[in-house]
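# Remarks on the overall topology
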Amino acid sequence: MRKTIVAGNWKMNASKDSVDNLIKDLLTGMDGITSEVLVCAPFPYLAQVELLIQGSKVMLGAQNLNTNASGAYTGEVSADMIKDFGARHVIVGHSERRSLYGETSAMVAEKTKAALNAGLTPLLCIGESIEQRDSGNTEAVIEKQLSAVIELVGIEAFNQIIIAYEPVWAIGTGVTATPEQAQEAHLFIRSLLAKNDESVAQKTPILYGGSMNASNASELISCADIDGGLIGGAALKAEDFLQICKVG
Ligand code: PGA
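Residues numbered from 1 in each chain as written. Predicted model: local features only at pLDDT ≥ 70, side-chain atom pairs only at ≥ 80, totals over all residues. Heavy atoms only, no water.

In the neighbourhood of the ligand, 13 residues make up the surrounding shell, with K11, H94, E166, G172 and S211 lying closest. Taking S211, its main chain carries an N or O atom lying 2.7 Å from an oxygen atom of the ligand. Within the backbone of G233, one N or O atom sits 2.9 Å away from an oxygen atom of the ligand. When the free accessible area of the ligand is taken as 280 Å², the share hidden by the protein chains comes to 95%. Each residue belonging to the shell around the ligand can be placed in one class, and the counts come to four nonpolar, seven polar and two charged. (Near = heavy atom within 4 Å. Polar contact = N/O pair within 3.5 Å; in protein donor to acceptor, adjacent residues only side chain to side chain. Areas by Shrake-Rupley, 256 points an atom, 1.4 Å probe, with all protein chains shown as cover. Nonpolar A, V, L, I, M, F, W, Y, C, P; charged D, E, K, R; others polar.)

Attention now goes to the sheet that holds strand β3 (residues 58–62). Spatially, eight strands are ordered β1-β2-β3-β4-β5-β6-β7-β8 in a closed barrel, and the strand pairing comes out parallel. Averaged over all adjacent pairs, the angle separating strand axes in this sheet is 25°, with direction ignored. Bridge count for strand β7 (residues 206–209) against strand β8 (residues 228–231) is two bridges, and the pairing is parallel. Following the sheet pairing, G209 is matched in β8 by L230. (Pairing = 2+ DSSP bridges. Helix = DSSP H or I, 4+ residues; strand = E, 2+ residues; numbered from the N terminus. Axes fitted to C-alpha atoms, helices over the stretch in contact; angles between N-to-C directions.)

What follows concerns the packing of aromatic side chains. Enumeration over the complete set of coordinates arrives at one aromatic pair. Between Y165 and Y208 the ring centres are 6.4 Å apart and the planes differ by 55°, which places this aromatic pair in the tilted class. In this pair, Y165 sits in strand β6 (residues 162–165) while Y208 sits in strand β7, placing the two residues 43 residues apart along the sequence. On the basis of relative accessible area, Y208 is assigned to the buried category, the value being 0%. (Phe/Tyr/Trp six-rings, centres within 6.5 Å; stacked < 30°, edge-to-face > 60°. Buried < 20%, exposed > 50% of the residue type's maximum accessible area, 1.4 Å probe, protein only.)

Moving on, we get to empty space enclosed by the protein. As enumerated under the stated definition, the model contains one cavity of 30 Å³ or more in all. Looking at the largest cavity, its volume works out to about 30 Å³. Sorting the residues of the lining of the largest cavity by element identifies α4 (95–100) and β5 (121–126) as the ones contributing at least two each. Split by residue class, the lining of the largest cavity holds two nonpolar, five polar and two charged. (1 Å grid on protein atoms, 1.4 Å probe; cavity = no way out; pocket = protein on both sides within 12 Å on 5 of 7 lines; lining within 4 Å. Points joined across faces, edges and corners; volume = space filled by probe spheres on them.)

Of all the five residues making up strand β1 (residues 5–9), five are buried; the element is thus mostly covered by neighbouring parts of the structure. The side-chain alternation of β1 yields two buried faces, one formed by I5, A7 and N9 and the other by V6 and G8. Across five bridges, the pairing between β1 and strand β2 (residues 36–40) is parallel. Each bridged residue has a counterpart across the sheet, and for I5 the counterpart in β2 is E36. Read as a crossover between parallel neighbours, the route from β1 over helix α1 (residues 16–28) to β2 is right-handed. Pairing of β1 with β8, which is carried by four bridges, proceeds in the parallel orientation. Within β8, the residue paired with A7 across the bridge is L230. (Right-handed = clockwise from strand over helix to strand, strands pointing away.)

Applying the stated rule across the entire model yields nine salt bridges. As a salt-bridge pair, D227 and R2 come within 2.9 Å of each other at their nearest N and O atoms. You can see D227 sitting in the loop between α10 (217–221) and β8 and its partner R2 sitting in the segment before β1, a full 225 residues away along the chain. Judged by its relative accessible area of 5%, D227 falls in the buried class. A salt bridge links R190 to D225, with the shortest nitrogen-to-oxygen separation between them at 2.5 Å. (Salt bridge = Lys/Arg side-chain N within 4 Å of Asp/Glu carboxyl O.)

Okay, here's the thing in C-alpha cells:
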C-alpha cells in the first residue's frame with residue numbers, strides 16, 4: 001500500500017511574514033493528518049521553514065538544485081546546501097524550469113542523480129503540453145522524459161524517487177485533468193516503470209499536479225494510481241492545503 005503524499009510547491013511566492021503565517025497555520029491543522037506532507041520553499045526561506053517545522057511532521061523541500069557539489073557557479077545552489085537546511089526533498093524537472101530555463105530531459109536526469117547522490121529524494125516532474133496532447137503525443141513525451149532518468153540513474157533508484165505527473169496545460173490554469181485523464185497517464189507511467197521492474201513500479205509514488213485544489217483533490221487522489229498531489233496555487237493558503245492533506 002503506497003502512502004499518500006501531499007507536496008506544496010510555493011514557486012517564487014514568499015516573504016518572511018507570509019512564511020511565518022502559512023507554516024504556523026499549517027501546524028495548527030496537522031492533527032489527524034495521515035498523508036506525508038511536504039513544502040517546497042524558495043531557497044532564501046529554507047532556513048526559516050527548517051526552524052518553524054522542527055518537531056512537526058511537515059517536511060521541507062527545495063525547488064531546484066545545481067548538479068555540482070561546490071565551486072565557481074555564481075547564483076547556484078547545491079544538493080548539500082539544501083540538505084544543510086534540513087530539506088529532504090527537491091523538485092527536479094518542473095515544467096516551468098524546462099520551458100523557461102531550457103532544462104532538457106538530460107539535464108533533469110543529471111539533477112535527479114545529483115539529488116540522489118546527496119541523499120535527497122527527487123520529486124521528478126514530467127508531463128505534456130497541450131500541443132503534445134492534442135497531437136496524440138502524450139505517451140511518447142512522458143516516455144522520453146522518464147526514460148532519460150531511468151537510463152542515467154537505473155530503475156532501482158526509483159525506490160528513492162517520487163514522480164509527479166503534471167500536464168503543462170493544467171498548471172496554474174484552473175483546468176484540471178479529469179480523474180480519467182490523470183489515472184490513464186499515471187497507469188502508463190507505472191507501466192513504464194514495470195517494464196524495468198514490477199516491484200519498483202508498485203512502490204513508486206506518482207503524484208498528480210496541475211490545478212489540484214480542495215474541491216477536486218479527493219476524486220483525483222482516490223484513483224488507483226494517483227498517490228497524492230503536487231500543489232502550486234492552493235499550497236499558499238493553509239486552509240486549502242490542509243484540506244488536500246486530509247484527503248489521504
Ligand atoms: P498549480 O501548480 O497547482 O498552481 O497548478 C502545480 C505545480 O506547478 O506544481
